[in-house]
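Fold and contact review
Residues per chain are reported as follows:
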Amino acid sequence: TIDDENSYLNASYETDLGLYLYSASRFYFGHYAHEGRRIIDDPTPFAQRQHRADWWGLDQKFVGKWFANHSIVFGMEYRNDFNQYLSRAYFYPDGRIDSAYSAKETFSRNTTSLYVADEFRFHDRWRLNVGARYDKASDLEGNWSPRVALIFQPDFRTTLKASYSEAFRMPNADDQSFYRSSAMPEYVAAKEFVVQHDLDRRMRLTGTVYEYRRSKQMVDVTGLQDFAAVGSSQAHGLELEFEARWD
């Protein structure tokens, strides 16, 4: 059996700080709990896993329009993952716990992020969007995540967008528990081409061609539970989406 619980709180405040500067402030809090029980083919057949996570954060964003044809977004975010609890337990049929493979662990992390982006409209139908984000976690080295996108609008109903971006995934509590000091971020480089067409004011059709390249994935290099961040993978495909709304 599996039980999942997820709750969150968001509070935001938006205001104009002048003719050319807009501010958006956001506070958020989240809670997640998971408990799973299963029977496996093992001398200790009864397994139980529990996860709990609590976090809060602040995001302060500004949008400046001081220069003609430019929209500059910049800001910072702070997130405190103050409670990441993980437990796993394996039981013998008579109810005794297998202490060799059972564990209870708690992790925490603070992350400070800075970001900036500029959208430059250099033609009535063309826009260039360039941005970057820097994330520094309390237990990891800092990481840069750049992105660039070229946007073309041949008419008021159709938008074409070609983009390239890089991002990373921080190791979660499961990763830290399993890989220990070897746990490190995974990276992804994404290329996308998107065509979006409004059929009318209520219906929209979107098509996306994408390629994702992941690197620094954890793999067992010897077959003896000796893991290292040397793996990579690639995914590519086509996605179609139809949206409709009724007033």
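This is a predicted model, so every value here is computed, not measured.

Okay, unusual backbone geometry next. For residues besides glycine, phi is generally negative; the peptide bonds are generally trans as well. In this model, Arg180 sits at a positive phi of 55°, which is unusual for a non-glycine residue. In this structure, Arg180 sits in the loop between α1 (173-179) and β9 (186-198). Among the residues examined, Arg180 registers a relative accessible area of 46% and is labelled partly exposed. We note that Lys216 has phi near 60°; this positive angle belongs to a residue other than glycine. Accessibility expressed as a relative area gives 37% for Lys216, which makes it partly exposed.

Moving on to the confidence of the model for the chain. Summarising the model, the chain shows a mean pLDDT of 92, and 99% of its residues fall at 70 or more. Across the chain, the secondary-structure element scoring lowest on mean pLDDT is α1, at 86, and the one scoring highest is strand β6 (residues 126-137), at 98.

The subject of this paragraph is the side chain of Thr208. Looking at the secondary structure, you find Thr208 in strand β10 (residues 203-220). Residue classification places Thr208 among the buried positions, given a relative accessible area of 11%. Among residues more than four places away in sequence, those in contact with Thr208 are Phe193, Val194, Gly237, Leu238 and Glu239.

As a further point, take the pattern of salt bridges. This model, assessed by the stated rule, comprises 15 salt bridges. Of the charged contacts in the structure, one is a salt bridge between Arg37 and Glu35, with a shortest N-O distance of 2.4 Å. Residue Arg37 is classed as partly exposed on the basis of its relative accessible area of 39%. Each of Arg169, Asp175, Glu186 and Arg214 takes part in salt bridges that share partners, so that together they form one network.

Attention now moves to the packing of aromatic side chains. Scanning the model with the defined rule gives 13 aromatic pairs in all. Where Phe122 meets Trp126, the ring centres are 6.4 Å apart and the plane angle is 25°; that geometry is what we call stacked. Residue classification places Trp126 among the partly exposed positions, given a relative accessible area of 30%. Ring geometry for Tyr179 against Phe227: centres 5.2 Å apart, planes inclined by 65°, an arrangement best described as edge-to-face.

Now for the pairing of β10. Of the pairings in the sheet, the one linking β9 to β10 comprises twelve bridges and is antiparallel in character. Counted as the bridge partner of Ala189 is Arg213 from β10. In sequence, β9 turns back onto β10 through a hairpin of four residues. Two elements, β10 and strand β11 (residues 227-244), share 17 bridges in a ladder whose sense is antiparallel. Across the sheet, residue Arg214 finds its bridge partner in β11, namely Ser233.

Before going further, it helps to spend a moment on a nonpolar patch on the surface. There is a patch of nonpolar side chains on the surface, built from Leu9, Phe27, Phe29, Leu58 and Phe82 and spanning about 430 Å² of accessible area. Considering the arrangement of structural elements, one finds Leu58 in strand β3 (residues 46-64). The class of Leu58 is partly exposed, set by a relative accessible area of 43%.

The rules behind the values
- Residues numbered from 1 in each chain as written.
- Predicted model: local features only at pLDDT ≥ 70, side-chain atom pairs only at ≥ 80, totals over all residues.
- Heavy atoms only, no water.
- Helix = DSSP H or I, 4+ residues; strand = E, 2+ residues; numbered from the N terminus.
- Buried < 20%, exposed > 50% of the residue type's maximum accessible area, 1.4 Å probe, protein only.
- pLDDT = per-residue confidence, 0-100.
- Contact = heavy atoms within 4.5 Å.
- Salt bridge = Lys/Arg side-chain N within 4 Å of Asp/Glu carboxyl O.
- Phe/Tyr/Trp six-rings, centres within 6.5 Å; stacked < 30°, edge-to-face > 60°.
- Pairing = 2+ DSSP bridges.
- Patch = residues over 30% accessible without salt bridge, like charges linked within 9 Å, V, L, I, M, F, W, Y side chains within 5 Å.
- Areas by Shrake-Rupley, 256 points an atom, 1.4 Å probe, with all protein chains shown as cover.

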